[in-house]
Amino acid sequence: MSFFAIARLLIVAAVAGGSAWSANGPANAAMMQDNIERYRVEAKALGQGFEAFSAERGRILFSSSPAAGKPDTPSCTACHTTDPAGVGQTRAGKEIAPMALSRTPDRYIDVKKIEKWFRRNCNSVLGRECTPLEKGDFLTFMASQ
Amino acid sequence: MDARLPLNSPQMDTEQPAQTARVWDLPLRLFHWVMAAVVVVAGVTGFLAPEWWLGLHVIAGYALATLLSFRLVWGFVGTRYSRFGSFPLALGGLYEHLRSIVRTNPKTVIGHNPAGAWMIIILLVALVTLVVSGLIALGGQENHGPLAAATGFLAGEMAGEIHQIAAWGLAAAVAVHLLGVFAETRIFRHPVVAAMMIGRKAPPGSAVNVPRSAHTVRGAAWFMAIAGALLVSGITLAGLPSSGWRALDTPAVYVSECGDCHAVYHPSLRTGEAWRSMMNGLENHYGEDASLDEQTVSIIQAYLVDNHAGTFDTEAAQRIGRVETPSLRMTDVAYWKSRHQGIAESVFRLNSVGSKVNCTACHTDAASGRFDDVKIHLPEKDKP
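Here the residue numbering is sequential within each chain, running from 1 through the sequence in written order. Going through the entries in the order they are written, you letter the chains from A and number the ligands from 1. In keeping with the model being predicted, local features are shown solely for residues with a pLDDT of at least 70 and side-chain atom pairs are shown and tallied solely at 80 or more, while totals for entire chains, interfaces and linings include all residues. Excluding hydrogens and water, the side-chain figures rest on all heavy atoms present in the structure.

What about the overall build of chain B?
- In terms of helices and strands, chain B carries 13 helices and 2 strands.
- Only the C-alpha atoms count toward the radius of gyration. The rule for a globule is 2.2 Å times the residue count to the power 0.38. Over its C-alpha atoms chain B spans a radius of gyration of 29 Å, topping by over 25% the 21 Å that the globule rule assigns to 384 residues.
- Judged by the C-alpha coordinates and their principal axes, chain B covers about 95 × 45 × 40 Å.
- Expressed as a percentage of the 384 residues in chain B, the buried residues total 43%.
- Residues are treated as being in contact if the distance between any of their heavy atoms lies within 4.5 Å. Looking at chain B alone, contacts between residues at least 24 apart form 70% of all its contacts between residues at least 6 apart.
- Where accessible areas are quoted, they stem from the Shrake-Rupley method and a 1.4 Å probe; at the residue level, only the protein chains shown are allowed to cover. Summed over all atoms, the accessible surface of chain B reaches about 20100 Å², with 67% contributed by carbon and sulfur.
- The convention is simple: Lys and Arg are positive, Asp and Glu are negative, and His and the chain ends are not counted. Where a charge sits is defined by one atom per residue type, namely NZ (Lys), CZ (Arg), CG (Asp) or CD (Glu). A distance of 21 Å separates the average location of the 29 positive side-chain charges in chain B from that of its 30 negative side-chain charges. To qualify as a helix, a DSSP run of H or I must reach at least 4 residues; to qualify as a strand, a run of E must reach at least 2; elements of each kind are numbered from the N terminus. For the exposure calls, accessible area comes from a 1.4 Å probe over protein chains only, and a residue counts as buried if that area is under 20% of its type's maximum, exposed if over 50%, partly exposed in between.

Next comes the structure, spelled out in structure tokens:
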């Protein structure tokens, strides 16, 4: 049994114990781990001494105000609020469901959707694409929230 | 009883004093007072209430249409003094009457006096104008009601102008009418208000009692027939597809991709050219990267361009959608600004609104492109 499969089992077990989770919670969390695993493969392939994703680095990425992208979007928190469990709002006024996996269990299951938002929002906030390391850190942080 | 009134009526009536005669039949009196009440409702909702009270205004309009249709028919088939044929409309008579008023000794007239008869003609013309122009405006501007299928927006807008002028005309006519009634009752001591309530007047000479109850039954039958015919034809016509608006089959990808960040704007709110420019510049979409893959872009662009503002004849499409702006923003259109200038900036900043481009926050039917007045619902202040 691979390390990944064991990790997946552990998460499924941990999540199944949580009472606030929807019926699809465990499956959603597992799918999110599939996506984190994809970024792990990408990060390793870059060969820059990748060890592991860090929720703490993800938290810093989420909370920082790089103001390096477009002027109206200086940080993630400008729209998503400083609390990952908080309900955000787009500049056009639309509500944004919380980023925390515990609050929006089905947020991180679709690869295309995850990639679309990283592409757009990294460009809007950072003025560049995000690295696989940043994406993995970010998702790891949100999975812990 | 006024002692000056002549007691020359020969027939004795056990129920009523002999010197009065029944002049105004019950259907006419009911018409008068119900219409007065409905006009008050229409006037208050039309002049004073905000747009979203249009629903009640329109109901008052339908009621008026029914009442007026009845009155116009009753003017030919009703009892003697209700008939237009009995109205003393000769200009010579009107002149004589006005002179007698100036000399402060107008005669008591059985039926209408010449000034009153002309007043009724003016009131009826104003009311019919209001009902007709209101129906055209409702059909053209709101795509509602029996004329929605037959009237375009510009016709509706023109009718709306006429409607406003006629409303002021009616207000003036009602003021003169009330002044006339005041003069009759207070200065010349002719109890015309009581007459319109109980139907009896003290005639100067011999007066013919109008039929007692048969006419009431006949009036009720006429009213039911007219109301029924209007209801059936109105509902049938209102069921026809409106000329300016159609329902669209919105691609799910449009709702999910564009609607994630902002209101799902109806294609009729921009020109085809504007939609093309917008879809070509998604990398910098009002300060954000909103890029999409090529296939998604082509589906969404086809939907928007196929259903652009020129393909709709609604108020929103005509006045906002068809007007191009350098920013492509509809909030930069002069008409948008003028229609929203009464709304405080603080309302746009409410959490439930967020921004000026969140149409749906107040226009609950914005996604359909209709922007009906009755669907406007200003948000309450956010709870702390």
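Concerning helix α5 (residues 153-187) of chain B
All names here are of chain B.
- In this model α5 runs 49 Å from its N-terminal to its C-terminal C-alpha over 35 residues, within 8% of the 51 Å that 1.5 Å per residue would give.
- Within the sequence span of α5, burial applies to Phe 153, Gly 156, Ala 159, Gly 160, Ala 166, Ala 167, Leu 170, Ala 173, Ala 183, Glu 184 and Thr 185.
- The inward-facing, buried residues of α5 contact α1 (26-48), α4 (114-141), α6 (192-198) and α11 (315-321).
- Looking one or two residues beyond α5, the residue adopting positive phi is Arg 189, at roughly 60°. By this rule, a helix spans an expected 1.5 Å times one less than how many residues it contains.

Considerations on the pattern of salt bridges
- Salt bridge criterion: a side-chain nitrogen from Lys or Arg within 4 Å of a carboxyl oxygen from Asp or Glu. Summed over the entire model, instances satisfying the criterion amount to 15 salt bridges over all chains.
- For Arg59(A), the salt bridge identified is with Glu56(A), shortest N-O distance 2.8 Å. You can see Arg59(A) and its partner Glu56(A) sitting in helix α3 (residues 55-63), 3 residues apart, about one turn around the helix.
- Accessibility expressed as a relative area gives 35% for Arg59(A), which makes it partly exposed.
- You can call Glu56(A) partly exposed: its relative accessible area is 42%.
- The partner of Asp372(B) in a salt bridge is Arg370(B), with the nearest N and O atoms 3.3 Å apart. For the residue pair Asp372(B) and Arg370(B), the accessibility class agrees, reading buried in each case.

So, the environment of Ala92(A)
- Its location among the elements puts Ala92(A) in the loop between β1 (88-89) and β2 (95-96).
- Look at Ala92(A) and you get buried, because its relative accessible area is 14%.
- Ala92(A) has contacts with Cys261(B), His262(B), Val353(B), Ser355(B), Val357(B) and Asn358(B), leaving out every residue within four places of it along the chain.

Side note on the interface of chain A and chain B
- At the interface, 16 residues of chain A touch 21 residues of chain B.
- By buried area we mean the combined loss of accessible area, with a 1.4 Å probe, across both parts when two parts are placed together. Between chain A and chain B, a total of about 1600 Å² is buried, with carbon and sulfur atoms accounting for 38% of that surface.
- Of the charged contacts, one joins Arg91(A) and Glu288(B) as a salt bridge, the two residues approaching to 2.9 Å between their closest N and O atoms.
- Counting of polar contacts relies on pairs of N or O atoms within 3.5 Å, with two restrictions inside protein: one atom must be capable of donating a hydrogen and the other of accepting it, and residues adjacent in sequence are counted only when both atoms are side-chain atoms. Counting across the interface, chain A meets chain B through 12 residue pairs in polar contact (both at pLDDT 80 or more).
- Examining the composition of the side of chain A that touches chain B, we find that 7 residues originate from one element, helix α5 (residues 111-126) of chain A, more than from any other.

Points about the confidence of the model for chain A
Residue and element names in this part refer to chain A.
- Within chain A, residue pLDDT values average 84, and 83% of them lie at 70 or more.
- One confidence number per residue, pLDDT, is output by the predictor and ranges from 0 to 100. No element of chain A has a lower mean pLDDT than helix α1 (residues 3-17), at 54, and none a higher one than helix α6 (residues 132-143), at 94.
- Confidence over residues 15-21 falls short of pLDDT 50; this stretch has 8 contacts with residues more than four positions distant or in other chains.

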